[in-house]
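Commentary on secondary and tertiary structure
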Amino acid sequence: MIVTHLFQLLGFVAMEPPTTLAAKPLRDEKEKVFQSMRSLDPAHVVRGQYEGYREEPGVDPRSDTETFVALRVELDNWRWAGVPFYLRSGKSLAEGRHMVTLGFREPALRMFPLAARHCTRTNELVIDFDDPGRIAARFLVKEPGPAMRLDDAEMVFSYAGSFNSMHALEGYERLILDAMLGDQSLFTRSDGIERLWEVSTPLLQNPPPVEPYAPGSWGPDSIDRLIEPYHWSLPGRG
(Lines give C-alpha, C1' and ligand atoms only; values in the text may rest on other atoms or scores of the structure.)
Protein backbone atom coordinates (compact mmCIF):
# COMPACT_ATOMS: atom_id res chain seq x y z
CA MET A 1 0.00 0.00 0.00
CA ILE A 2 2.83 2.43 0.77
CA VAL A 3 4.83 2.06 -2.46
CA THR A 4 1.97 1.29 -4.82
CA HIS A 5 -0.63 3.70 -3.44
CA LEU A 6 0.45 6.26 -0.85
CA PHE A 7 3.71 7.23 -2.57
CA GLN A 8 1.65 7.92 -5.70
CA LEU A 9 -0.64 10.19 -3.70
CA LEU A 10 2.39 11.91 -2.19
CA GLY A 11 3.63 12.58 -5.72
CA PHE A 12 0.43 14.38 -6.66
CA VAL A 13 0.32 16.41 -3.43
CA ALA A 14 3.96 17.55 -3.58
CA MET A 15 4.49 18.06 -7.32
CA GLU A 16 4.86 21.46 -8.96
CA PRO A 17 2.04 22.59 -11.27
CA PRO A 18 2.40 20.88 -14.67
CA THR A 19 2.35 22.96 -17.84
CA THR A 20 -0.87 21.18 -18.85
CA LEU A 21 -3.02 18.37 -17.45
CA ALA A 22 -1.84 16.01 -20.18
CA ALA A 23 -0.24 12.69 -19.21
CA LYS A 24 3.41 13.54 -19.96
CA PRO A 25 3.63 16.87 -18.05
CA LEU A 26 1.76 15.35 -15.10
CA ARG A 27 4.02 12.33 -14.91
CA ASP A 28 7.15 14.42 -15.42
CA GLU A 29 6.33 16.56 -12.38
CA LYS A 30 5.44 13.55 -10.25
CA GLU A 31 8.69 11.85 -11.24
CA LYS A 32 10.62 14.91 -10.01
CA VAL A 33 9.08 14.38 -6.58
CA PHE A 34 10.14 10.73 -6.56
CA GLN A 35 13.69 11.65 -7.56
CA SER A 36 13.89 14.13 -4.66
CA MET A 37 12.79 11.57 -2.04
CA ARG A 38 15.35 10.62 0.59
CA SER A 39 15.88 6.94 1.28
CA LEU A 40 13.56 5.74 4.03
CA ASP A 41 15.07 5.67 7.51
CA PRO A 42 13.91 2.58 9.49
CA ALA A 43 14.24 4.70 12.66
CA HIS A 44 11.31 6.80 11.38
CA VAL A 45 9.04 3.83 10.65
CA VAL A 46 6.48 2.02 12.82
CA ARG A 47 5.42 -1.48 11.83
CA GLY A 48 2.41 -2.98 13.56
CA GLN A 49 0.51 -6.25 13.66
CA TYR A 50 -3.00 -6.49 15.07
CA GLU A 51 -3.48 -8.84 17.99
CA GLY A 52 -4.88 -12.15 16.81
CA TYR A 53 -3.34 -11.95 13.33
CA ARG A 54 -1.10 -14.96 14.01
CA GLU A 55 -4.21 -17.03 14.86
CA GLU A 56 -5.75 -16.34 11.45
CA PRO A 57 -6.09 -19.41 9.18
CA GLY A 58 -2.94 -19.98 7.11
CA VAL A 59 -0.78 -17.49 9.07
CA ASP A 60 2.52 -18.60 10.58
CA PRO A 61 2.25 -18.45 14.42
CA ARG A 62 5.62 -16.65 14.42
CA SER A 63 4.79 -14.34 11.52
CA ASP A 64 6.61 -11.01 11.40
CA THR A 65 4.37 -9.70 8.61
CA GLU A 66 3.06 -6.20 9.29
CA THR A 67 -0.62 -5.31 9.07
CA PHE A 68 0.11 -1.63 9.74
CA VAL A 69 2.83 0.80 8.68
CA ALA A 70 3.41 4.47 9.53
CA LEU A 71 6.48 6.32 8.31
CA ARG A 72 8.11 9.69 7.78
CA VAL A 73 9.13 10.75 4.27
CA GLU A 74 11.34 13.72 3.41
CA LEU A 75 11.95 15.47 0.09
CA ASP A 76 15.15 17.26 -0.84
CA ASN A 77 13.96 20.07 -3.07
CA TRP A 78 13.48 23.82 -2.78
CA ARG A 79 9.80 23.76 -1.92
CA TRP A 80 9.62 20.93 0.58
CA ALA A 81 13.07 20.82 2.26
CA GLY A 82 12.53 20.45 6.02
CA VAL A 83 8.81 19.61 5.69
CA PRO A 84 7.98 16.09 6.94
CA PHE A 85 5.38 13.93 5.20
CA TYR A 86 3.76 11.25 7.36
CA LEU A 87 2.07 8.27 5.74
CA ARG A 88 0.10 5.47 7.36
CA SER A 89 -1.90 2.45 6.25
CA GLY A 90 -3.23 -0.60 8.06
CA LYS A 91 -5.85 -3.29 8.55
CA SER A 92 -8.34 -3.92 11.34
CA LEU A 93 -8.33 -0.26 12.37
CA ALA A 94 -11.07 1.82 13.98
CA GLU A 95 -12.34 3.10 10.61
CA GLY A 96 -11.50 2.91 6.94
CA ARG A 97 -10.30 6.43 6.06
CA HIS A 98 -8.63 7.81 2.93
CA MET A 99 -7.42 11.28 3.86
CA VAL A 100 -4.72 13.86 3.28
CA THR A 101 -4.15 16.53 5.93
CA LEU A 102 -2.09 19.60 5.08
CA GLY A 103 -0.92 21.50 8.15
CA PHE A 104 0.04 25.14 7.66
CA ARG A 105 3.15 26.63 9.24
CA GLU A 106 2.87 28.87 12.25
CA PRO A 107 3.83 32.47 11.39
CA ALA A 108 7.13 33.77 12.74
CA LEU A 109 5.28 36.28 14.93
CA ARG A 110 2.23 35.01 16.82
CA MET A 111 -0.48 37.64 17.06
CA PHE A 112 -2.41 35.53 19.59
CA PRO A 113 -0.78 34.10 22.74
CA LEU A 114 -0.73 30.34 23.22
CA ALA A 115 -2.68 30.82 26.44
CA ALA A 116 -5.63 32.03 24.37
CA ARG A 117 -6.00 28.65 22.69
CA HIS A 118 -8.49 26.21 24.13
CA CYS A 119 -8.01 23.59 21.42
CA THR A 120 -5.39 21.21 20.04
CA ARG A 121 -5.66 21.59 16.28
CA THR A 122 -3.52 23.79 14.08
CA ASN A 123 -4.71 25.44 10.90
CA GLU A 124 -5.10 22.68 8.32
CA LEU A 125 -6.77 21.58 5.12
CA VAL A 126 -8.26 18.08 5.16
CA ILE A 127 -9.05 16.23 1.92
CA ASP A 128 -11.23 13.14 2.37
CA PHE A 129 -11.06 10.80 -0.64
CA ASP A 130 -13.91 8.51 0.42
CA ASP A 131 -16.49 8.50 -2.37
CA PRO A 132 -17.86 10.98 -3.14
CA GLY A 133 -15.34 12.99 -1.07
CA ARG A 134 -15.15 16.22 0.90
CA ILE A 135 -12.71 19.03 1.68
CA ALA A 136 -12.61 20.73 5.07
CA ALA A 137 -10.72 23.85 6.13
CA ARG A 138 -9.96 23.85 9.86
CA PHE A 139 -8.89 27.07 11.49
CA LEU A 140 -8.95 29.02 14.76
CA VAL A 141 -11.56 31.67 15.51
CA LYS A 142 -12.09 34.05 18.40
CA GLU A 143 -14.93 33.06 20.68
CA PRO A 144 -17.60 35.75 21.20
CA GLY A 145 -17.08 37.78 24.33
CA PRO A 146 -14.62 40.21 25.91
CA ALA A 147 -11.80 37.68 26.49
CA MET A 148 -9.26 36.66 23.87
CA ARG A 149 -10.12 32.96 23.52
CA LEU A 150 -9.55 30.90 20.36
CA ASP A 151 -11.36 27.74 19.42
CA ASP A 152 -11.72 25.34 16.47
CA ALA A 153 -13.92 26.08 13.48
CA GLU A 154 -14.45 24.21 10.23
CA MET A 155 -15.75 24.96 6.74
CA VAL A 156 -16.71 21.91 4.65
CA PHE A 157 -17.27 21.32 0.95
CA SER A 158 -18.97 17.99 0.20
CA TYR A 159 -19.35 16.56 -3.29
CA ALA A 160 -22.45 14.65 -2.18
CA GLY A 161 -24.14 17.88 -1.10
CA SER A 162 -23.08 19.87 -4.17
CA PHE A 163 -23.34 17.53 -7.17
CA ASN A 164 -25.53 14.74 -8.46
CA SER A 165 -23.32 11.66 -8.23
CA MET A 166 -25.63 9.34 -10.17
CA HIS A 167 -23.18 9.00 -13.08
CA ALA A 168 -19.95 9.35 -11.08
CA LEU A 169 -17.25 6.72 -11.49
CA GLU A 170 -15.65 4.90 -8.58
CA GLY A 171 -11.86 4.95 -8.29
CA TYR A 172 -11.06 1.73 -10.11
CA GLU A 173 -13.79 2.32 -12.70
CA ARG A 174 -11.98 5.54 -13.62
CA LEU A 175 -8.62 3.76 -13.89
CA ILE A 176 -10.05 0.99 -16.06
CA LEU A 177 -11.67 3.57 -18.33
CA ASP A 178 -8.40 5.52 -18.60
CA ALA A 179 -6.56 2.30 -19.49
CA MET A 180 -9.10 1.55 -22.22
CA LEU A 181 -8.73 5.09 -23.58
CA GLY A 182 -4.92 4.99 -23.42
CA ASP A 183 -4.78 7.92 -20.96
CA GLN A 184 -1.67 7.45 -18.77
CA SER A 185 -2.19 10.51 -16.55
CA LEU A 186 -2.88 8.54 -13.36
CA PHE A 187 -0.33 5.79 -14.00
CA THR A 188 3.28 5.80 -12.80
CA ARG A 189 6.17 5.43 -15.25
CA SER A 190 8.61 2.55 -14.91
CA ASP A 191 11.45 4.88 -13.83
CA GLY A 192 9.24 6.24 -11.07
CA ILE A 193 8.42 2.76 -9.80
CA GLU A 194 12.10 1.80 -9.81
CA ARG A 195 12.97 4.95 -7.87
CA LEU A 196 10.33 4.26 -5.21
CA TRP A 197 11.63 0.75 -4.61
CA GLU A 198 15.16 2.16 -4.50
CA VAL A 199 14.34 4.60 -1.66
CA SER A 200 12.47 1.80 0.14
CA THR A 201 15.48 -0.56 0.10
CA PRO A 202 16.90 0.45 3.55
CA LEU A 203 13.55 -0.33 5.16
CA LEU A 204 13.19 -3.64 3.32
CA GLN A 205 16.69 -4.66 4.37
CA ASN A 206 16.41 -3.57 8.00
CA PRO A 207 12.74 -3.37 9.07
CA PRO A 208 11.94 -2.51 12.69
CA PRO A 209 10.12 -5.20 14.67
CA VAL A 210 6.34 -5.32 14.49
CA GLU A 211 4.45 -3.85 17.45
CA PRO A 212 1.08 -5.26 18.56
CA TYR A 213 -2.08 -3.17 18.45
CA ALA A 214 -5.66 -3.89 19.39
CA PRO A 215 -8.15 -4.55 16.56
CA GLY A 216 -10.43 -1.54 16.22
CA SER A 217 -7.77 0.90 17.42
CA TRP A 218 -5.74 3.38 15.33
CA GLY A 219 -2.52 1.33 15.48
CA PRO A 220 0.43 0.96 17.88
CA ASP A 221 0.92 3.60 20.58
CA SER A 222 4.30 4.62 19.14
CA ILE A 223 2.66 6.26 16.10
CA ASP A 224 2.07 9.36 18.24
CA ARG A 225 5.76 9.59 19.10
CA LEU A 226 6.63 9.20 15.42
CA ILE A 227 4.74 12.35 14.44
CA GLU A 228 5.54 14.59 17.46
CA PRO A 229 5.12 17.56 17.82
CA TYR A 230 2.33 17.18 15.27
CA HIS A 231 -0.77 15.00 15.47
CA TRP A 232 -2.69 12.59 13.25
CA SER A 233 -6.00 13.82 11.88
CA LEU A 234 -8.22 11.02 13.17
CA PRO A 235 -11.88 10.95 14.29
CA GLY A 236 -12.22 11.32 18.04
CA ARG A 237 -8.56 12.25 18.57
CA GLY A 238 -8.66 16.03 18.20
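1. Side note on the nonpolar core
- Of all hydrophobic cores here, the largest spans 23 residues; its most connected members are F7, L10, M37, L71, V73 and F85.
- Elements with a minimum of two residues in this core: α1 (2-14), α2 (23-36), β2 (68-73), β3 (85-90) and α5 (190-205).
- Here this core gets 6 residues from one element, more than from any other, and that element is α1.
- With sequence-adjacent residues up to four places away left out, F85 is seen in contact with L10, A14, L71, R72, V73, L75 and W80.
- Judged by nonpolar contacts, the second largest core, of 15 residues, contains Y53, L93, Y213 and L226.

2. Concerning α5
- Compared with the 22 Å implied by 1.5 Å per residue over 16 residues, the 22 Å span of α5 between its first and last C-alpha is a close match.
- Buried within α5 are the following residues: G192, R195, L196, V199, S200 and L203.

3. Overview of α1
- The end-to-end C-alpha distance of α1 is 16 Å, clearly below the 18 Å that 13 residues give at a rise of 1.5 Å each.
- Along α1, the positions that sit buried rather than exposed are I2, V3, L6, F7, Q8, L10, G11 and A14.
- Turning to α1, the residues buried within the fold contact α2, β2, β3 and α5.

4. Side note on the sheet that holds strand β4 (residues 99-103)
- On the basis of which strands lie adjacent, the open sheet formed by 4 strands has the order β4-β5-β6-β7 and antiparallel pairing. The open sheet is flanked by β4 and β7 (150-158), the only strands paired with a single partner. Here the strands of the sheet are splayed against their neighbours by 20° on average, with no regard to which way each runs.
- As paired strands, strand β5 (residues 124-128) and strand β6 (residues 134-142) are joined by 5 bridges and run antiparallel to one another. The residue of β6 that forms the bridge with L125 is A137.

5. So, the pairing of β5
- Side chains E124, V126 and D128 of β5 all project onto a buried face; the interleaved residues L125 and I127 project onto a face where none is buried.
- The pairing of β4 with β5 spans 5 bridges and is antiparallel. The partner of L102 across the bridge, within β5, is L125.
- Connecting the antiparallel pair β5 and β6 is a turn made up of 5 residues, with G133 showing a positive phi of about 95°.

Rules and cut-offs
- Residues numbered from 1 in each chain as written.
- Predicted model: local features only at pLDDT ≥ 70, side-chain atom pairs only at ≥ 80, totals over all residues.
- Heavy atoms only, no water.
- Core = buried A, V, L, I, M, F, W, Y, C linked by side-chain atoms within 4.5 Å.
- Buried < 20%, exposed > 50% of the residue type's maximum accessible area, 1.4 Å probe, protein only.
- Helix = DSSP H or I, 4+ residues; strand = E, 2+ residues; numbered from the N terminus.
- Contact = heavy atoms within 4.5 Å.
- Expected span 1.5 Å × (residues − 1).
- Pairing = 2+ DSSP bridges.
- Axes fitted to C-alpha atoms, helices over the stretch in contact; angles between N-to-C directions.

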